[in-house]
Amino acid sequence: MINWTELGEWTTAFMVVVSGALAGHYAAEGMSAVQWAGAVCAVLGSVTLAVGVRVWPSPRKAKAQGQRARD
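If you're wondering where the values come from, they're calculated on a predicted model, not measured in any experiment.

Novice: Help me understand the overall build of the protein chain, please; the structure alone is not making it clear to me.
Specialist: Looking only at helices and strands, the protein chain has three helices and zero strands in total. Secondary structure of the protein chain in N-to-C order comes out as α-α-α. Compactness check: the protein chain gives a C-alpha radius of gyration of 17 Å against a globular reference of 11 Å for 71 residues, more than 25% above the reference. With the C-alpha coordinates of the protein chain rotated into their principal frame, the extents come out at 60 × 30 × 10 Å.

Below, the structure written as structure tokens:
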């Protein structure tokens, strides 16, 4: 059974692939500078979200780390 963490990781990975593929497709057709900037922002945004989903600690881990810091 898939849990929410795995779903988030797979979804963000899919977003990275799709945004990169769309940017590459439209780049091959020819884009203006503004369109290039938008494509770069879309790809970097999806990569940032994917990294954030994988790095962000779960509430249980964060609580355990907070208790360890106080001891």
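Novice: I'm lost on the packing of helix H1 (residues 4-29) against helix H2 (residues 33-55) in this one. Help?
Specialist: The contact between H1 and H2 brings their axes to 9 Å, and the two run at 165°. Relative to H2, H1 is oriented roughly antiparallel. Handedness of the crossing formed by H1 with H2: left-handed. Side by side, H1 and H2 meet where Gly8, Glu9, Thr12, Ala13, Met15, Val16, Ser19, Gly20, Ala23 and Ala27 of the first sit next to Trp36, Ala39, Ala42, Val43, Ser46, Val47, Leu49, Ala50, Val53 and Arg54 of the second. Considering only residue class, the contact of H1 with H2 consists of 13 nonpolar, five polar and two charged.

Conventions and cut-offs
Residues numbered from 1 in each chain as written. Predicted model: local features only at pLDDT ≥ 70, side-chain atom pairs only at ≥ 80, totals over all residues. Heavy atoms only, no water. Helix = DSSP H or I, 4+ residues; strand = E, 2+ residues; numbered from the N terminus. Rg over C-alpha atoms; globule rule 2.2 N^0.38 Å. Axes fitted to C-alpha atoms, helices over the stretch in contact; angles between N-to-C directions. Parallel < 35°, antiparallel > 145°, perpendicular 65-115°, else oblique. Left-handed = near helix turned anticlockwise from the far one by under 90°. Contact = heavy atoms within 4.5 Å. Nonpolar A, V, L, I, M, F, W, Y, C, P; charged D, E, K, R; others polar.

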